[in-house]
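Here is what each chain is made of, one letter per residue.
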Amino acid sequence: MIEVKDLKKSFDDKAILKGISTSFEAGKTNLIIGTSGSGKTVFVKCLVGLLTPTSGSISYDGIEFTSLSQREKKEIRTKIGMLFQGSALFDSMTVEENVMFPLNMFSKMTSKEKVERVNFCLERVNLVGANKKYPAEISGGMMKRVGIARAIVLNPKYLFCDEPNSGLDPKTALVIDELLSDITHEYNMTTIINTHDMNSVMGMGEKIVFLHQGYKEWEGNRHELLESDNETLYDFIFASEFLKELRKGAGKSIKLGK
Amino acid sequence: MNPFYHVGRFTVMVGRIFNKPESSTMYWKELLRQMNQIGVESVPIIAMVAMFIGAVTAIQFAYQIQDFLVPLYYVGFIVRDSMIIEMAPTVSCMILAGKVGSNIASELGNMRITSQIDAMEIMGINTPGYLLGTKIIAALITIPALIVVAAFVGIIGGMLATVLSDISTLQEYERGLRAFFVPFNVRLMLTKGVVFSLLLTTVSCYQGYHVEGGAIEIGQASTRAVVLSNILILIADYFIAFTLLK
Amino acid sequence: MRDMLARPENLYMYWKELLRQMNGIGVGSLIIVGVISLFVGAVTALQFAYQMGTTFFPDYLIGFIVRDTMIIELAPTLSGLVLAGKVGSNMASELGTMRISEQIDALEIMGVNPNGYLVMPKIIAAIFIVPPLIVLAAMLGIYGGYWAAENYGISPANYQKGLLYLFDPFNVVIMTVKSVIFAFLIASVACYQGFYVKGGALDIGRASTRAVVYGSILVIFFDYIVALVLT
Ligand SMILES: Nc1ncnc2c1ncn2[C@@H]1O[C@H](COP(=O)(O)OP(=O)(O)OP(=O)(O)O)[C@@H](O)[C@H]1O
Ligand SMILES: [Mg+2]
């Protein structure tokens, strides 16, 4: 469980996050949505400590994170897995070496166990037969999957994914969503996913936080989402004229999920 | 920007290098990779440049002294001393500032803008130690060795030029090589090598590690790395010469 | 490379680009070339004084040696190496960025000859701006030597006597020939490396490193050729 209280972040004097409070439970897929530039990446980077918040508090299972020393932060970070928006694969290493990197750094496994673990994770993300390729030689979708494999290889307690399926075709995107949702439930992880893909929102949104102009505009689950009467949220979801028409026609009675 | 800002950020970066490695085997492997990239891969350029510099030094010294009553064996003596005292350490490091410096800055800059450095930080790795420390140590080990190679090759280059351009006989050149030899000069050369490699790697690491933006900023950082390293190397060269040659 | 001789579409645009490049290369390199030559001259004086300490040369030869070494060798060659590092990596990464971000393709689609518009002005600008830079480098180097010699305890009068001793104007010709050749080599190698980049940001870095390496090797190699032919 990660709790955020009144989180603020500004760059120079440009405020990006203007006071956000929310919480993310373990074993649930928590989604952060918002338009491009609304501060999703900044929010997640504040949570993991890559950016220092201007003010506010962040706690990991009761441990206040922002006031920890560098060494204590490192301790928590070994329990964090993160997929970056651009995958951030190490381009001097092969796919296999990328996924094995955290194991080499932090685990005491034998090299046979490591190889098994790496192959298990790569199978988990549906990526076999690319072990010896370099990041420059694989597609964007494959890179995302390697990134996820690398993020989960140490069995993290907390998993952060910054737009895991942007730039992917709808079918591959769905595979990745299902994978994230499965591992979250299976290992009882606290998973936080940035997205602006409505398929993901409707497919796996157990908790959804909608960021708008630096504030938390709305939060709830995917069922509540459709019943909400928040206009800003509706403008975000039903962006095209076509969908707006559709919504008018159907009234507010569309129900998804069941 | 404010120089204090850079000095502060530089100090923090260097301070963070000194931390216990998360895994000594991984650091060791990275060190070997860097020694290969910085040292082994620079052997051809350093040797080629040194060869021609030795040759040019010989030809031009012979040209400069043709109006004087200087004995011909002085060519060997001058080539040896110029290579050891000045050309091998300084010119090699200026070349390395161009090659290794721009390489380090653009590699780190690329890792920074594609979030690879962030990804390592998230895993709990001390990136200054793992990425910068290994490069600096690799340079401290390999660059002085490269300079020794450069001095040897330069002296051979001078010999080839002397003999091929009929400046003097091989025997004369060899006599010059043995004349007035001061072992202290070798220490001077190695001191320069250590100081210059420290300067050029820390400056390039600083530039690359703190890139913000995109591909254009990487290019700018790598140019800044080259320029600053070159300037610092020559300033240090002067001060070393001034303090040690008094 | 032959493409760049095609007829310019709009002379005024090319002229503006040429001026921009001359400014970038010249003004942008002034400080580094200046600082470096100053110190190189100083070091040359110190080290010659030290080397000669063991032999029977008169003091005033220091001025003579610094002057000739700067003019014939150090000003053109060291500046050439420094410029191969700075200007070379700069040009390669600028063109590389334009290639990767498809700006070069965009120019081509618009009907502008990218070779002529991007590459030619850089090479011409370098050929015009590098020789004056190197003359300046030689002068600053000689001044640096003067300053260091004084700190070392050699009288300014002796240094000046050396400066005026046996001056051969032909050495200035050597220096100019070297600078023109080096300028052409550095700029054309860097443009070639940058213009044909394929891949991403990492490949831009590699191209710019290659530009520096090949540029430096060519500078030193032609230094040798010129020394062989002209001295
Ligand atoms: N390091 C920084 N310095 C200054 N401004 C920044 C910095 N990082 C982000 N910003 C600004 O913060 C705002 C939010 O950026 P952020 O990357 O979080 O958006 P996002 O919601 O992730 O968008 P996208 O969906 O496109 O990824 C942007 O306006 C951006 O310009
Ligand atoms: Mg983002």
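This one's a predicted model, so the numbers in the text were calculated from it and none came from an experiment. (Residues numbered from 1 in each chain as written. Chains lettered and ligands numbered in written order. Predicted model: local features only at pLDDT ≥ 70, side-chain atom pairs only at ≥ 80, totals over all residues. Heavy atoms only, no water.)

A. The overall build of chain B, seen in detail. Counting its regular elements, chain B contains 9 helices and 0 strands. Counting from the amino terminus, helix and strand elements in chain B follow one another as α-α-α-α-α-α-α-α-α. Summarising its shape, the C-alpha atoms of chain B cover approximately 70 × 40 × 35 Å along the three principal directions. Expressed as a percentage of its 246 residues, the buried residues of chain B come to 62%. Of the contacts made within chain B by residues no fewer than 6 positions apart, 87% connect residues no fewer than 24 positions apart. (Helix = DSSP H or I, 4+ residues; strand = E, 2+ residues; numbered from the N terminus. Buried < 20%, exposed > 50% of the residue type's maximum accessible area, 1.4 Å probe, protein only. Contact = heavy atoms within 4.5 Å.)

B. Structural detail: the overall build of chain A. If you tally the helices and strands in chain A, you get 10 helices and 10 strands. Rg of the C-alpha trace for chain A: 19 Å, near the compact-globule value of 18 Å for 258 residues, within the 12% margin. Each principal axis of the C-alpha atoms in chain A carries an extent, and together these give about 60 × 40 × 30 Å. The contacts of chain A with a sequence gap of at least 6 include a subset with a gap of at least 24, amounting to 64%. Summing over all exposed atoms, chain A offers an accessible surface of approximately 12000 Å²; the carbon and sulfur share of this is 51%. Positive and negative charge centroids in chain A, built from 34 and 34 side chains respectively, lie 3 Å apart. (Rg over C-alpha atoms; globule rule 2.2 N^0.38 Å. Areas by Shrake-Rupley, 256 points an atom, 1.4 Å probe, with all protein chains shown as cover. Lys, Arg positive; Asp, Glu negative; His and termini not counted. Charge placed at Lys NZ, Arg CZ, Asp CG, Glu CD.)

C. Layout of the coordination of the magnesium ion (ligand 2). Residue and element names in this part refer to chain A. Protein coordination at the magnesium ion (ligand 2): the donors are T41 (OG1) and Q85 (OE1), at 1.9 to 2.3 Å from the metal. Residue T41 is found in helix α1 (residues 40-48), and its partner Q85 is found in the loop between β6 (80-83) and α3 (95-106); the two are separated by 44 residues along the sequence. Exposure remark for T41: the relative accessible area of 23% places this residue in the partly exposed category. (Donors = N, O, S within 2.8 Å, 3.2 Å for Na, K, Ca; no water.)

D. Structural view of the interface of chain C and chain B. Each partner contributes residues to the interface: chain C has 61 residues there, and chain B has 55 residues. Summing the contributions of chain C and of chain B, the shared interface buries around 4800 Å²; its carbon and sulfur component is 76%. Considering only the surface of chain C that becomes buried against chain B, Q47, Y50 and Q51 of chain C emerge as the three largest contributors, covering 12% of it. Counting every contact that joins chain C to chain B gives 0 salt bridges. Of all the elements in the fold, those that place two or more residues in the side of chain C that touches chain B are α1 (11-52), α2 (61-100), α4 (114-152), α6 (170-195) and α7 (201-230) of chain C. (Buried area = accessible area lost by both parts, 1.4 Å probe. Salt bridge = Lys/Arg side-chain N within 4 Å of Asp/Glu carboxyl O.)

E. Broad picture of the site of ligand 1. Residue and element names in this part refer to chain A. Lining the immediate environment of ligand 1, one finds 14 residues, of which S36, G37, K40, T41 and Q85 sit closest. Residue G37 places a main-chain N or O atom 2.8 Å away from an oxygen atom belonging to ligand 1. In the model, an oxygen atom of ligand 1 is placed 2.8 Å from a nitrogen or oxygen of the K40 side chain. When the free accessible area of ligand 1 is taken as 640 Å², the share hidden by the protein chains comes to 63%. Within the residue set of the shell around ligand 1, elements represented by two or more residues are β2 (14-24) and α1. With 3 residues, the top contributor of residues to the shell around ligand 1 is α1. Considering only residue class, the shell around ligand 1 consists of 3 nonpolar, 8 polar and 3 charged. (Near = heavy atom within 4 Å. Polar contact = N/O pair within 3.5 Å; in protein donor to acceptor, adjacent residues only side chain to side chain. Nonpolar A, V, L, I, M, F, W, Y, C, P; charged D, E, K, R; others polar.)

F. Local environment of helix α5 (residues 140-152) of chain A. Its 13 residues give α5 of chain A an end-to-end C-alpha distance of 19 Å, which sits within 8% of 18 Å, the value for a rise of 1.5 Å per residue. The element α5 of chain A is largely enclosed, with a buried count of 10 among its 13 residues. When α5 of chain A is considered as a whole, its buried residues turn out to be G141, K144, R145, V146, G147, I148, A149, R150, A151 and I152 of chain A. As for α5 of chain A, its buried residues are in contact with β6, α3, α4 (111-124), β7 (158-162) and α6 (170-187) of chain A together with α5 (116-123) of chain B. (Expected span 1.5 Å × (residues − 1).)

G. Main features of the sheet that holds strand β3 (residues 28-33) of chain A. Residues and elements named next belong to chain A. The 6 strands lie next to each other as β6-β7-β8-β3-β9-β10, forming an open sheet whose pairing is mixed. Looking at strand neighbours, the two that pair on one side only are β6 and β10 (215-220), the edges of this open sheet. Sheet twist, expressed as the average angle between the axes of neighbouring strands with direction ignored, equals 15°. The pairing of strand β9 (residues 207-212) with β10 spans 5 bridges and is antiparallel. Looking across to β10, one finds that H212 is bridged to Y215. In the packing of α1 onto the sheet, contacts are made with β3, β6, β7, β8 (190-194) and β9, and the angle to β8 comes to roughly 150°. (Pairing = 2+ DSSP bridges. Axes fitted to C-alpha atoms, helices over the stretch in contact; angles between N-to-C directions.)

H. Main features of the domain arrangement of chain A. Residue and element names in this part refer to chain A. We note that the domain assignment places domain 1 (1-79 + 156-223) and domain 2 (94-154) within chain A. Centre-to-centre separation of domain 1 and domain 2, based on C-alpha positions: 23 Å. Across the boundary between the two partners, domain 1 contributes 17 residues, which contact 13 residues of domain 2. Of the roughly 1100 Å² buried at the junction of domain 1 and domain 2 (both faces included), carbon and sulfur atoms supply 68%. Broken down residue by residue, the surface that domain 1 buries against domain 2 is led by T78, P156 and L179, which jointly contribute 35%. Counting every contact that joins domain 1 to domain 2 gives 1 salt bridge. Inspection of the region where domain 1 meets domain 2 yields 3 residue pairs in polar contact (both at pLDDT 80 or more). Looking at which element gives the most residues to the side of domain 1 that touches domain 2, the answer is α6, with 9 residues. Partitioned by chemical class, the residues of the side of domain 1 that touches domain 2 number 11 nonpolar, 3 polar and 3 charged. (Domains from an automatic or database assignment.)

I. Just the state of the cysteines, in detail. All names here are of chain A. Summed over all chains, the structure comprises 0 disulfides over all chains. Distance from the sulfur of C46, which forms no disulfide, to the nearest cysteine sulfur (C161) is 18 Å. Not engaged in a disulfide, the cysteine C161 finds its nearest cysteine sulfur in C121; these two sulfurs lie 13 Å apart. On the accessibility criterion, C161 (1% relative accessible area) is buried. (Disulfide = S-S within 2.5 Å.)

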